[in-house]
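# Coordinates in review
Given next are the chains, with one letter for each unit.
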2 protein chains.
Amino acid sequence: MQGHWKQKKSYSETASGANRIESAHSLTMTEQQEMNYCTQCGAKVVLRIPEGDSHLRHVCPQCGEIHYLNPKLVIGCVAEWEGCLLLCRRAIEPGYGLWTLPAGFMENGESTAQAALRETSEEACASVSIEQLFALVSIPHINQVHLFYRAQLQNAEFGAGEESLETSLFDESQIPWDRLAFRSVVFCLKSYFKDRHSGAFGFHESTLSPP
Amino acid sequence: MQGHWKQKKSYSETASGANRIESAHSLTMTEQQEMNYCTQCGAKVVLRIPEGDSHLRHVCPQCGEIHYLNPKLVIGCVAEWEGCLLLCRRAIEPGYGLWTLPAGFMENGESTAQAALRETSEEACASVSIEQLFALVSIPHINQVHLFYRAQLQNAEFGAGEESLETSLFDESQIPWDRLAFRSVVFCLKSYFKDRHSGAFGFHESTLSPP
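Below is a summary of the structure that appears in this document. Predicted, not measured: the structure shown is a model, and the values here were computed from it. (Residues numbered from 1 in each chain as written. Chains lettered and ligands numbered in written order. Predicted model: local features only at pLDDT ≥ 70, side-chain atom pairs only at ≥ 80, totals over all residues. Heavy atoms only, no water.)

## Considerations on the packing of aromatic side chains
Residues and elements named next belong to chain A. Inspection of the entire model under this criterion finds 13 aromatic pairs over all chains. Aromatic side chains Phe134 and Phe201 sit 6.1 Å apart centroid to centroid with 75 degrees between the ring planes, which places their arrangement in the edge-to-face category. A residue pair is termed long-range when its members are at least 10 positions apart, and Phe134 in strand 8 (residues 128-139) and Phe201 in the loop between helix 3 (183-198) and strand 11 (204-207) qualify at 67 residues. Its relative accessible area of 31% is what places Phe201 among the partly exposed residues. (Phe/Tyr/Trp six-rings, centres within 6.5 Å; stacked < 30°, edge-to-face > 60°. Helix = DSSP H or I, 4+ residues; strand = E, 2+ residues; numbered from the N terminus. Buried < 20%, exposed > 50% of the residue type's maximum accessible area, 1.4 Å probe, protein only.)

What follows is the structure, given as structure tokens:
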């Protein structure tokens, strides 16, 4: 139950690009005017390059606080059961009705692997054992980095969490390629099947440009 | 010139733990009272679990904005030149005077590899070609994930950036193990030499507990 995924503004990198949603996370610094007030003292912030820095930051002229905005990690699993992969059909925007790997924003206080376990449990009511980090996808224009682990389902029990309409296992021939929600998921699944055919799983990295 | 690294509060996971500095980034949610005002409307925020969420968030009772706090990525390089590795001696706290790999907070609008290149340029005035992601270290108690790439220096030109006292190449026997600034760097360097002895570089993952 990741609040993030319910924010219509927060996840904006879709597979088609057709319903791409801009957000505070997805704006370049020159567009990032959405921070108006200092979190510390409540004064109006200004945009400037702090001394010794090279980037524009939201700075508080009253208390001096510098507010940094950094990329967010989205973490998920390629979870396998008897050769099939677990996908979730999204019950929320963006990508409502489309299929995705179980994944979501990493929370403070957890490891990357814990985030993958939690998201798989929340979105697909599934327990998995994590194997290896499989893919990293940088998406600079929305300030996100997506990580996917290979994992094994511990049993055949799974189901739709609050943010999923349904969950299902797909073998390679059944993957709904034209109904996948996000390009990072397309990259991850293609890499996965390529590796599986080659007989060895590696690590795959990609950077996505705006669609 | 990464402002982040100049904030005394922002990088708090040292190798010794002796000079560990707590920060807004490093606190658990129950301690995270440092956000006082809404960035959107300037009203006082409250801590509560939003509907459908499972985590405490800073929520604005006036405009309804939910403020999410997520882990930050610190990205750097294990950069090699003729069998030696490039280290930087820190000119800033935490870890002033101690050695580290060139690394720093990933910025919005860049890929993970671009962050590694930029940090290596800023801290060690060095140009590298990125090879492969080598290590991922989760540090849940300070809400950070550290990524290190293997890289090759493009030439023997390097020097101290603004945040470094000096930079130098070290062969394995010269690594200043007792004067390394961060545990993630210790993990990365140990994994690196282990792999190099074995003849093949892999990918290494670790989660650090509080010291």
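There's plenty left to go through after this.
## Describing empty space enclosed by the protein
All names here are of chain B. Summed over all chains, the structure comprises three cavities of 30 Å³ or more. The volume enclosed by the second largest cavity comes to roughly 40 Å³. Residue lining of the second largest cavity: Cys88, Arg89, Arg90, Ile92, Thr100, Glu123, Glu163 and Ser164, and that is the complete set. Among the elements that make up the lining of the second largest cavity, the one with the highest residue count is strand 5 (residues 84-90) (three residues). For the lining of the second largest cavity, the residue count by class is two nonpolar, two polar and four charged. (1 Å grid on protein atoms, 1.4 Å probe; cavity = no way out; pocket = protein on both sides within 12 Å on 5 of 7 lines; lining within 4 Å. Points joined across faces, edges and corners; volume = space filled by probe spheres on them. Nonpolar A, V, L, I, M, F, W, Y, C, P; charged D, E, K, R; others polar.)

## Topic: the sheet that holds strand 3 (residues 66-67) of chain B
All names here are of chain B. On the basis of which strands lie adjacent, the open sheet formed by three strands has the order 1-2-3 and antiparallel pairing. Since the sheet does not close on itself, it has two edges, and those belong to strand 1 (46-48) and strand 3, each with one partner. Of the strand pairs in this sheet, strand 2 (residues 57-59) and strand 3 are connected by two bridges, and their pairing is antiparallel. Opposite His58, over in strand 3, you have His67 as the bridge partner. (Pairing = 2+ DSSP bridges.)

## Focus on the interface of chain A and chain B
With 53 residues of chain A in contact, the opposing surface of chain B contributes 53 residues. Carbon and sulfur atoms make up 48% of the surface buried where chain A meets chain B, a total of about 4200 Å² over both sides. Where chain A meets chain B, there are two salt bridges. At the boundary of chain A and chain B, one finds 21 residue pairs in polar contact (both at pLDDT 80 or more). Among the elements of the structure, helix 1 (3-6), strand 4 (72-81), helix 2 (112-124), strand 8, strand 9 (144-153) and strand 11 of chain A are those that each provide at least two residues to the side of chain A that touches chain B. Of the residues that constitute the side of chain A that touches chain B, the class distribution is 20 nonpolar, 21 polar and 12 charged. (Contact = heavy atoms within 4.5 Å. Buried area = accessible area lost by both parts, 1.4 Å probe. Salt bridge = Lys/Arg side-chain N within 4 Å of Asp/Glu carboxyl O. Polar contact = N/O pair within 3.5 Å; in protein donor to acceptor, adjacent residues only side chain to side chain.)

By themselves, these figures tell us nothing about what the structure is for.
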